[in-house]
Amino acid sequence: MPVLRTPIIVSLAAILCVACGPNPPTPQDPVAPVPEASAAALPKAATADAMKARAAEARALEVAANYAPIELYADDIYEGPALMASYQGETKDGAYDGYGVLTLPDSGIVMAGLFANGLLNGPGTARDMQGELFHEGLYVDGMPAEYALPLDERPIKE
């Protein structure tokens, strides 16, 4: 009678497959420690000008809520600094004067703060239409105060 070798071969194959099967799990490599945040990565403290600008922006938004856009009640009294400009806030003789919010859709900027003589003069902020901050601080005739300084006296941004 012939010897059946098939069961022996199948048994050997099964043993080899178990031995060469998936590798057992190994401990993970140690994770490198996360370095502590350096002082450069921490947000900088707000300056006094920035704090004044934030307070002026908050006040301007509060005041603007009580005013309809100037175009609705001051026909041809004041021509805004840009086409389709919209202003909500305090006025004096038809000019932007006091706390308010000026929206300039053609340039995509919203300025809020203390206005005088029709322009942002004093603490305020400029944001894009999505609320991203462009500048906060003091303004002189609608421009950030540091731009009023000669080039060699302007603060260096880091």
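In case you missed it, the structure is sitting above this.
This text gives an overview of the structure that appears in the document. Worth saying up front: this structure is predicted, and the values here are computed from it rather than measured.

The rules we used
Each chain carries its own residue numbering, running from 1 in the written order of its sequence. Local features in this predicted model are restricted to residues of pLDDT 70 or higher, and side-chain atom pairs are both shown and tallied only at a pLDDT of 80 or more, whereas totals for entire chains, interfaces and linings draw on every residue. As a rule here, side-chain values cover all heavy atoms of the structure and leave hydrogens and water aside. Starting at the N terminus, helices and strands are each numbered in turn, a helix being any DSSP run of H or I of at least four residues and a strand any DSSP run of E of at least two. For every residue, the accessible area (1.4 Å probe, protein chains only) is compared with the maximum for its type, and the residue is labelled buried under 20%, exposed over 50%, or partly exposed between those bounds. Contacts were defined at the residue level, with two residues in contact if any of their heavy atoms lie within 4.5 Å. In this text, buried Ala, Val, Leu, Ile, Met, Phe, Trp, Tyr and Cys residues form a nonpolar core when linked through side-chain atoms within 4.5 Å. Every helix has an expected span of 1.5 Å times one less than the residues it contains. Counted as a polar contact is a pair of N or O atoms within 3.5 Å, where, for protein atoms, one must be capable of donating a hydrogen and the other of accepting one, and residues adjacent in sequence contribute only when both atoms are in side chains. Only when DSSP finds a minimum of two bridges between them are two strands counted as paired. Between the rings of Phe, Tyr and Trp (Trp by its six-membered ring), a pair exists once the centres lie within 6.5 Å; its type follows the angle of the planes, with under 30 degrees stacked, over 60 edge-to-face, and the other angles tilted.

## A closer look at the overall build of the chain
Moving on, step 1. Of regular secondary structure, the chain possesses 3 helices and 6 strands.
Moving on, step 2. Out of the 158 residues in the chain, the part that is buried amounts to 26%.
Moving on, step 3. Pairs at least 24 apart in sequence give 22% of the contacts found in the chain among residues at least 6 apart.

## Examining the nonpolar core
Moving on, step 1. Among the nonpolar cores identified, the biggest contains 10 residues, and these are A85, Y87, Y96, L102, L104, M111, F115, L120, A126 and Y139.
Moving on, step 2. The set of elements that each furnish at least two residues to this core consists of β2 (95–104), β3 (109–116) and β4 (119–128).
Moving on, step 3. Apart from residues lying up to four places away in sequence, A126 is in contact with I109, V110, M111, E132, L133, F134, H135 and Y139.

## Things to note about unusual backbone geometry
Moving on, step 1. Its identity is not glycine, yet N117 carries a phi of approximately 55 degrees, on the positive side.
Moving on, step 2. Judged by relative accessible area, N117 falls into the exposed class, the value being 65%.
Moving on, step 3. Phi is positive for D141, close to 50 degrees, though the residue is something other than glycine.
Moving on, step 4. Mapping D141 onto the fold places it in the loop between β5 (133–140) and β6 (143–144).

## As for helix α2 (residues 48–64)
Moving on, step 1. Between its terminal C-alpha atoms α2 stretches 24 Å, which fits the 24 Å expected from 17 residues at 1.5 Å a residue.
Moving on, step 2. Taken together, the buried residues of α2 touch β1 (86–92), β2, β3, β4 and β5.

## Examining the environment of A53
Moving on, step 1. In this structure, A53 sits in helix α2.
Moving on, step 2. On the basis of relative accessible area, A53 is assigned to the buried category, the value being 0%.
Moving on, step 3. Setting aside chain neighbours within four positions, we find A53 in contact with P123, G124, T125, E136 and G137.

## Points about the side chain of E57
Moving on, step 1. Turning to its location among the elements, E57 is positioned in helix α2.
Moving on, step 2. Side-chain polar atoms of E57 contact the side chain of T125, separated by 3.0 Å.

## Examining the pairing of β5
Moving on, step 1. As paired strands, β4 and β5 are joined by 6 bridges and run antiparallel to one another. Bridge assignment links G124 to a residue of β5, and that residue is G137.
Moving on, step 2. Taking the residues between adjacent antiparallel strands as the criterion, β4 and β5 are bridged by 4 residues, where G131 takes a positive phi near 95 degrees.
Moving on, step 3. Two strands pair when backbone bridges link them, and β5 and β6 are joined in this way by 2 bridges, in the antiparallel orientation. The residue of β6 that forms the bridge with V140 is M143.

## Quick word on the packing of aromatic side chains
Moving on, step 1. Inspection of every chain in the model, using the stated rule, returns 3 aromatic pairs.
Moving on, step 2. Here Y87 and F115 contribute two aromatic rings whose centre-to-centre distance is 5.2 Å and whose plane-to-plane angle is 80 degrees, an arrangement assigned as edge-to-face. Of the two residues, Y87 sits in strand β1 while F115 sits in strand β3, which places them 28 residues apart along the sequence. There is no split in this pair, since Y87 and F115 are both buried.
Moving on, step 3. Each ring, one from Y96 and one from F115, has its centre 6.0 Å from the other, and the planes form 90 degrees; the classification is edge-to-face.

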